[in-house]
Amino acid sequence: MRRELLLKRNRAQPLNFPNSGSVFKNPPGNFAAALIEQAGLKGSRRGGAQISEKHGNFIINLGDAKAVDVIELIRLARKSVSDKFGIKLELEVSLSASLTTFQ
């Protein structure tokens, strides 16, 4: 059973790149990853960060990502999903105090 769960996770999540896990909470009755994908954002890049092509609710570090790159992708996802679906994505990850002013 455990092996099956690990295989499923490996197929669905971009575990071959550094990442912080799920970026956004799932809104009621929906999935953040699906909304991000439907907004056409999978694969979007800013600097060394990318919205994963494998799972839309993961932002991966391609090797030289900076915090500002990740923040720009978070802003892009929130704005795009809000504009297209009228849904506000809430962060699941915690940001350091110095980064919270961007919200």
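Residues numbered from 1 in each chain as written. Predicted model: local features only at pLDDT ≥ 70, side-chain atom pairs only at ≥ 80, totals over all residues. Heavy atoms only, no water.

Enquirer: Explanation requested: the side chain of S80 in the structure shown.
Expert: Residue position: S80 is located in helix α3 (residues 67-85). Here S80 falls in the buried class, since its relative accessible area comes to 19%. Not counting residues up to four positions away in its chain, the partners in contact with S80 are A39 and L41. (Helix = DSSP H or I, 4+ residues; strand = E, 2+ residues; numbered from the N terminus. Buried < 20%, exposed > 50% of the residue type's maximum accessible area, 1.4 Å probe, protein only. Contact = heavy atoms within 4.5 Å.)

Enquirer: Teacher, can you tell me more about the confidence of the model for the chain here?
Expert: Caution is warranted with low-pLDDT regions, since their predicted coordinates should not be read in detail. On average, the chain scores 85 in pLDDT, and the residues at 70 or more come to 79%. Averaged over each element, pLDDT in the chain is lowest for helix α1 (residues 2-12) (64) and highest for helix α2 (residues 32-38) (97). (pLDDT = per-residue confidence, 0-100.)

Enquirer: Would you mind showing me how to read α3 here?
Expert: Each turn of an α-helix holds 3.6 residues, which means side chains three or four residues apart point in the same direction. For α3, which comprises 19 residues, the first-to-last C-alpha distance of 27 Å matches the rise-based estimate of 27 Å (1.5 Å per residue) to within 8%. Along α3, the positions that sit buried rather than exposed are D69, I71, L73, I74, A77, R78, S80 and V81. Next to the buried residues of α3 lie α2, β1 (45-46), β2 (49-51) and β3 (59-61). Following α3 by one or two positions, G86 has its phi on the positive side, about 70 degrees. (Expected span 1.5 Å × (residues − 1).)

Enquirer: Just to check I follow, could you spell out the sheet that holds β1 for this structure?
Expert: Remark on secondary structure: sheet strands pair via backbone hydrogen bonds, oriented parallel or antiparallel. The antiparallel open sheet is built from 3 strands, whose spatial order is β1-β2-β3. Each edge of the sheet is formed by a strand with only one pairing partner; in this case those strands are β1 and β3. Direction of pairing for β2 relative to β3: antiparallel, over a ladder of 3 bridges. Residue pairing for β3: A49 is matched across the bridge by N61. (Pairing = 2+ DSSP bridges.)

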